[in-house]
Amino acid sequence: MSTKLSVENVYKVFGAHPKRALDRIKRGQSKDEIFAATGMTVGVSDASFEVEQGEIFVVMGLSGSGKSTLVRMLNRLIDPTAGAIRIDGQDITRMTRKQLIELRRREISMVFQSFALMPHQSVLENTAFGLAVGGMSREEREKKALAALEAVGLKANANSYPDELSGGMKQRVGLARALAVDPGILLMDEAFSALDPLIRTEMQDELLRLQAEHSRTVVFITHDLDEAMRVGDRIAIMQGGAVVQVGTPEEIVREPANEYVRSFFRGVDVSHVFTAADVARKDHVTVMERPGVSVRAALERLREYDGSAAVVHDRSRKYQGVVSIDSLIACIDGLGRREEGRIEQAFLEDVNPVVADTPLTELMTQVAESPYPVPVVDSDGRYQGTISRATLLHTLNRTEKGAA
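Overview of the structure. Quick caveat, the model's predicted, so the values are computed rather than measured.

## With respect to the overall build of the protein
Then comes step 1: Summing up its helical and strand segments, the protein has 17 helices and 16 strands in all.
Then comes step 2: Taking the principal axes of the C-alpha coordinates as reference, the protein spans close to 90 × 55 × 40 Å.
Then comes step 3: Relative to its full complement of 404 residues, the protein shows a buried share of 49%.
Then comes step 4: Expressed as a percentage of contacts within the protein between residues at least 6 apart in sequence, the contacts between residues at least 24 apart total 67%.
Then comes step 5: Summed over all atoms, the accessible surface of the protein reaches about 20100 Å², with 47% contributed by carbon and sulfur.

## Describing the packing of helix H14 (residues 295–304) against helix H15 (residues 325–333)
Then comes step 1: The contact between H14 and H15 brings their axes to 10 Å, and the two run at 150°. Taken together, the axis directions place H14 and H15 in an arrangement best described as roughly antiparallel. As for how H14 packs across H15, the hand of that crossing is left-handed. Across from Val295, Arg296, Ala298, Leu299, Leu302 and Arg303 in H14, the residues of H15 making contact are Ile325, Leu328, Ile329, Cys331 and Ile332.

## Brief notes about the sheet that holds strand S14 (residues 354–355)
Then comes step 1: Taken in spatial order, the three strands of this open sheet run S14-S15-S16, and their pairing is mixed. The outermost strands of the open sheet, each flanked by one partner alone, are S14 and strand S16 (383–387).
Then comes step 2: By the bridge criterion, four bridges tie strand S15 (residues 374–377) to S16 in an arrangement that is antiparallel. Of the residues in S16, the one forming a bridge with Val374 is Ile387.

## Looking at the pairing of strand S9 (residues 234–239)
Then comes step 1: Alignment of strand S3 (residues 56–60) against S9, held across four bridges, turns out to be parallel. Considered in S9, the bridge of Phe57 is made with Arg234.
Then comes step 2: Bridge count between S9 and strand S10 (residues 242–247): five bridges; the pairing is antiparallel. Looking at S10, one finds that Ala236 is bridged to Val246.
Then comes step 3: In textbook terms, the turn of a hairpin is the stretch between consecutive antiparallel strands, and for S9 and S10 this stretch comprises two residues, one of which, Gly240, has a positive phi near 55°.

## Digging into the pattern of salt bridges
Then comes step 1: If you walk through the whole model with that rule in mind, you get 19 salt bridges.
Then comes step 2: Across the pair Glu55 and Arg234 runs a salt bridge whose closest N-O atoms are separated by 2.6 Å. Of this pair, Glu55 sits in the loop between strand S2 (41–52) and S3 while Arg234 sits in strand S9, placing them 179 residues apart in sequence.
Then comes step 3: For Arg230, the salt bridge goes to Asp205, with nearest N and O atoms at 2.6 Å. Linking Arg230 in helix H10 (residues 225–231) with Asp205 in helix H9 (residues 197–213), this pair joins segments that are 25 residues apart in sequence.
Then comes step 4: Through salt bridges with shared partners, a single ionic network connects Lys4, Asp88, Arg106 and Glu107.

Scoring rules and cut-offs
- Starting afresh in each chain, residues are numbered from 1 along the sequence in its written order.
- In keeping with the predicted nature of the model, local features appear solely for residues at pLDDT of at least 70, side-chain atom pairs appear and are counted solely at 80 or more, and the whole-chain, interface and lining totals rest on all residues.
- Neither water nor hydrogens contribute to the side-chain values; these are computed over all heavy atoms in the structure.
- Numbering of helices and strands runs from the N terminus, with a helix taken as a DSSP run of H or I at least four residues long and a strand as a DSSP run of E at least two residues long.
- Exposed residues in this analysis have more than 50% of their type's maximum accessible area, buried residues have under 20%, and partly exposed residues fall in between, with area computed by a 1.4 Å probe over protein chains only.
- Any two residues whose heavy atoms approach within 4.5 Å are treated as being in contact.
- Only the protein chains shown count as covering a residue, and every accessible area follows the Shrake-Rupley method with a 1.4 Å probe.
- Only the stretch in contact is used when a helix axis is fitted, and all axes are lines through C-alpha atoms; the angle between N-to-C directions ranges over 0 to 180 degrees.
- Working rule for angles: under 35 degrees goes down as roughly parallel, over 145 as roughly antiparallel, 65 to 115 as roughly perpendicular, anything else as oblique.
- The sense of a crossing depends on the near helix, which, turned anticlockwise from the far helix by less than a right angle, makes the crossing left-handed and, turned clockwise, makes it right-handed.
- Here, any two strands with at least 2 DSSP bridges between them count as paired.
- Whenever Lys or Arg places a side-chain nitrogen within 4 Å of a carboxyl oxygen from Asp or Glu, that contact is recorded as a salt bridge.

In short, shape yes, function no, at least from these values alone.
Put into structure tokens, the structure is as follows:
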């Protein structure tokens, strides 16, 4: 993946003399101390992160943490006080007004919490608004707008007006309007937070569906942890204007940077966060299938390592199957005295591997009911480790203790 957006040591100070506030920040004064001394507000303080091409990057934090100020600096609706913001390597803080307008027209779209639809215009006209401002012909912009409406399931409502739509439908129009210009970056500032919970979940599903069909770079602002965990490839946590941690949901749940971050994730059901790969252990006994490795040799290896079962893989670590002491002994009992036997003859039929990206919620029953650790493989069938009942319980119990 390549970097689409880079934020480098960005600050935003609201007030008459922002440089004075910057000096105080660099001397270690807090946001509250600076406001008390100068009356100036630190909106964002020394924010740095990168957003990869095609990922959904979530920025979350409590009210006043700076997340909405930050997202508005990414298209310079708010100018940063200091720092650099690069899109495809170009620093937009150095752009002229003309260059900035062109960037917004072709590269960046924004979806706000308020639907911001014009009541006197049809759904089609609202969707095509940005294209009309850009000077596109009516025929071409309506064609693009209809395609965007079709993508969000509203093509049949093209000639309706905003007052004829539900809240969820209005937000779909807002999303279609943003998509119509085919932006390289989509900024979403609390876009779903005004919606009822059920409609909000539907819109999250819609975003994920659109992302699966046409991968875009999305910066998604929210204060809601469930929403962040559901849609985000990575999450940035903001506190007092600063970005205090960036990582995948799994990384942040596993190693929160401070108590503020820990408080966000305390009590999170990790079965909805972790995948098979996150908890698989790689220290289980294995046997490599190759010439010379027989049933008798596999049994000796299991006895040597005091294991009840072993995963069998080939030289390229492709998963082959699982054998146990009992299955190996049964196989040997059926052989002649001089026969070595092939190891696949001892494979257990009731042990099936799971793919690495399988959520824990989808494999808990399988692990609980399996008498042996469940093998984990990647998308190419290569062995990644095993999950036992003990491993699964340890993962779940560790999080419960953290929530206590």
